[in-house]
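Survey of secondary and tertiary structure
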Amino acid sequence: MDKDFQEEFTQVIKFQPPLYKQRHQFVKDLVEKYKPKKVADLGCADCSLLWMLKFCSCIEVLAGLDICANVMKEKMHTLSPLPVDYLQPSERSLTVTLHHGSVAHKDPCMLGFDLVTCIELIEHLEESELKKFPEVVFGFMAPSIVVISTPNSEFNPLLPGVMLYRHPDHKFEWSQAEFQSWALETARCYNYSVEFTGVGHPPTGMEKVGFCTQIGVFVRKYPQTGESVLSEKPTEAVYKTVFKAVYPSLKDEKYLQNAVISEVMFTAQIIKHRLMSKHKEYSDDPERKSKFQPPMNCFSDYLGKLVVEKNMEPFVSGNEVYIPLATIFSFPKVNRLCGTFEKLCKLIAGKVTLSSDGSAVMFNTEHENEEN
Ligand code: SAH
């Protein structure tokens, strides 16, 4: 490489966004493409990739593994649910777990993942660990997809201040040919295909140098059968779980019930409010007032496509207002939350005041009238 040319670039190479963000974005894009449900990040360090992935709505299980418990513990609180997660539980379930251990050891908690990411991990492994790594990740964990990123040593002369390796803890840094030959051999051994790419483009005119971070995306050639997942894998647990968060989810009956009750009450209040304003229009006429029934279509403007049947009409009787459950169930949000009318009835039973036959939500307006 021409020395002047090289010096010119060492002055200006600065990745925007920073390289670590580009690596994490690469993983996020891959998650959005393949939609894995279970993702494990090996060598997860400060959990920043895991934090980013918790917002991917397809993921239901996220796990991190690192040999250094302290680095994981520093920011693991960022993986805990926030108050808003309890106020508005998500429709998906999400469990986040952090394990302390080495990628050189097998542990059953790492089985069953769809995607395993190893971002800037392998260059930190001792020779003996690197030898065991393919058998643990590709042989034992055997996810559908593995992503491995590692520095491309050919790029180093372009980086300011890099003498031997980019980081003092790196045990090696590979050229493109070295990484590709290791990756191809690993893929061949464990029946994966592998494609190479990277992040951090080389400057124009120096494309041969390759990406600053080289990436191999491994895809398992054959689907795993239930049998192969379970057989030959009688390993004992060796990792230590240091963190576990189960996010509130509407898949959990307790959160679903709360969400349904508040949605039912909110919907019933809207209908009641509309009904009462109509009712006021009639109040000058004492005969009509006592047994008020609104015109059938008076809710159609905000009930959307609701087909108003006779038994779905809300009505006022004395101080009591009745909003049929069938009407409430026809609101899209209530409908989507419950799925069936029977489920709606079951979830609100004993929690919401109903008419004696259980077919309508009942409000007593006596005190409201006094206040007014
Ligand atoms: N993946 C992170 C950081 C990588 S740094 C990111 O994308 O930013 C490498 C990490 O691998 C460090 O946190 C280090 O503690 C961890 N590590 C090193 N050897 C390991 C091993 N044998 N098993 C698991 N983690 C290891």
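Residues numbered from 1 in each chain as written. Predicted model: local features only at pLDDT ≥ 70, side-chain atom pairs only at ≥ 80, totals over all residues. Heavy atoms only, no water.

Taking an unreviewed UniProt entry as the reference, the protein is identified by name as Small RNA 2'-O-methyltransferase belonging to Horornis vulcanius. A UniProt comment under Sequence similarities (unreviewed entry) is attached to the protein, and it reads "Belongs to the methyltransferase superfamily. HEN1 family." A UniProt comment under Cofactor (unreviewed entry) is attached to the protein, and it reads "Mg(2+)". (UniProt positions renumbered as here; feature names shortened; annotations may be inferred.)

1. Focus on the sheet that holds strand β8 (residues 240–246)
Spatial ordering of the open sheet is given by β6-β7-β5-β4-β1-β2-β3-β8, a layout of eight strands whose pairing is mixed. Either end of the sheet is taken by a strand with one partner, and the two such strands are β6 (192–199) and β8. Looking at each pair of strands side by side, their axes are set apart by 15° on average, direction ignored. When strand β1 (residues 38–42) meets strand β2 (residues 61–66), the two strands line up parallel, connected through five bridges. The residue of β2 that forms the bridge with Ala-40 is Ala-63. Lying on the sheet, helix α2 (residues 19–34) is in contact with β4 (115–119), β5 (145–151), β6 and β7 (213–220); it crosses β4 at an angle near 170°. Packing against the sheet, helix α7 (residues 176–189) makes contact with β5, β6 and β7, and its axis sits at approximately 155° to β6. (Pairing = 2+ DSSP bridges. Helix = DSSP H or I, 4+ residues; strand = E, 2+ residues; numbered from the N terminus. Axes fitted to C-alpha atoms, helices over the stretch in contact; angles between N-to-C directions. Contact = heavy atoms within 4.5 Å.)

2. Things to note about the sheet that holds strand β11 (residues 360–364)
Backbone hydrogen bonds hold the strands of a sheet together, and the pairing may be parallel or antiparallel. As summarised here, the arrangement of the three strands in space is β9-β10-β11, forming an open sheet in which the pairing is antiparallel. Both edges of this open sheet fall to β9 (315–317) and β11, since each of them pairs with a single strand only. The mean inter-strand angle of the sheet, taken between neighbouring strand axes irrespective of direction, is 25°. Looking at chain direction, strand β10 (residues 320–324) and β11 are connected through five bridges and run antiparallel. Bridge assignment links Ile-323 to a residue of β11, and that residue is Val-361.

3. Re the side chain of Asp-66
Considering the arrangement of structural elements, one finds Asp-66 in strand β2. This buried residue, Asp-66, is left without a salt bridge; Lys-171 holds the nearest opposite charge, at 11 Å. Polar side-chain contacts of Asp-66 include one of 3.3 Å to the backbone nitrogen of Cys-44. The residues contacting Asp-66, other than those within four sequence positions of it, are Gly-43, Cys-44, Ala-45, Val-71, Met-72, His-99, His-100 and Gly-101. (Buried < 20%, exposed > 50% of the residue type's maximum accessible area, 1.4 Å probe, protein only. Lys, Arg positive; Asp, Glu negative; His and termini not counted. Salt bridge = Lys/Arg side-chain N within 4 Å of Asp/Glu carboxyl O. Polar contact = N/O pair within 3.5 Å; in protein donor to acceptor, adjacent residues only side chain to side chain.)

4. Quick word on the packing of aromatic side chains
Taken as a whole, this structure holds 14 aromatic pairs when the rule is applied. Considering the side-chain rings of Phe-15 and Phe-155, the 5.9 Å spacing of their centres and the 45° angle between planes classify their relative orientation as tilted. Here the residue Phe-15 occupies a position in the loop between α1 (3–12) and α2, and Phe-155 occupies one in the loop between β5 and α7, the gap between them amounting to 140 residues. The class of Phe-15 is buried, set by a relative accessible area of 17%. Classification of Phe-155 as buried rests on a relative accessible area of 0%. Ring geometry for Phe-138 and Tyr-192: centres 5.0 Å apart, planes at 85°, overall edge-to-face. You can see Phe-138 sitting in helix α6 (residues 127–141) and its partner Tyr-192 sitting in strand β6, a full 54 residues away along the chain. (Phe/Tyr/Trp six-rings, centres within 6.5 Å; stacked < 30°, edge-to-face > 60°.)

5. Some details on the state of the cysteines
For the coordinates displayed, the defined rule picks out zero disulfides. Free of any disulfide, Cys-56 has its nearest cysteine sulfur in Cys-58, 5.7 Å distant. (Disulfide = S-S within 2.5 Å.)

6. Describing the nonpolar core
The biggest cluster of nonpolar side chains holds 40 residues, and the ones touching the most others in it are Val-31, Leu-53, Ile-59, Leu-98, Val-147 and Phe-155. Breaking this core down by element, the ones donating at least two residues are α2, α3 (48–53), β3 (95–100), β4, β5, β7 and β8. Broken down by element, the residue count for this core peaks at five residues, all from α2. Those residues in contact with Leu-98, other than ones at most four positions away along the chain, are Cys-44, Cys-47, Leu-50, Gly-64, Met-72, Met-76, Leu-79, Lys-240, Thr-241, Val-242 and Phe-243. Listed in part, the 32 residues of the second largest apolar core include Leu-42, Met-141, Ile-148 and Trp-174. (Core = buried A, V, L, I, M, F, W, Y, C linked by side-chain atoms within 4.5 Å.)

7. Looking at the environment of Arg-92
Within the secondary structure, Arg-92 sits in the loop between α5 (83–87) and β3. In the structure, Arg-92 is positioned 155 residues away from Tyr-247 in sequence and 9.1 Å away in space, judged by C-alpha atoms.

8. Comments concerning the site of the ligand
As a matter of local geometry, the ligand sits amid 15 residues, with Gly-43, Asp-66, Ser-102, Val-103 and Ile-119 nearest to it. Here Ile-67 contributes a backbone N or O atom positioned 3.2 Å from a nitrogen atom of the ligand. Out of a free accessible area of 580 Å², the ligand has 85% covered by protein chains. When its residues are assigned to classes, the shell around the ligand shows seven nonpolar, five polar and three charged. (Near = heavy atom within 4 Å. Areas by Shrake-Rupley, 256 points an atom, 1.4 Å probe, with all protein chains shown as cover. Nonpolar A, V, L, I, M, F, W, Y, C, P; charged D, E, K, R; others polar.)

9. Observations concerning α6
In this model, α6 (15 residues) spans 20 Å end to end at C-alpha, consistent with the 21 Å of a helix rising 1.5 Å per residue. Along α6, the helix axis deviates most sharply at Phe-133, where the bend reaches about 30°; the proline Pro-134 sits within four residues downstream. Those residues of α6 that fall on the buried side of the exposure criterion are Glu-129, Leu-130, Phe-133, Pro-134, Val-136, Val-137, Phe-138, Phe-140 and Met-141. Following α6 by one or two positions, Ala-142 adopts a phi angle in the positive range, close to 45°. (Expected span 1.5 Å × (residues − 1). Bend = angle between axes of the 7 residues up to and from the residue.)

10. Here we look at unusual backbone geometry
Cis geometry marks the peptide bond from Gln-16 to Pro-17; its omega dihedral reads -5°. Looking at the secondary structure, you find Pro-17 in the loop between α1 and α2. Non-glycine residue Glu-120 carries a positive phi angle of around 50°. In this fold, Glu-120 is placed in the loop between β4 and α6. Note on Glu-120: relative accessible area 15%, which makes it buried. Phi is positive for Asn-191, which is not a glycine, with a value near 60°. With respect to the helices and strands, the residue Asn-191 is situated in the loop between α7 and β6.

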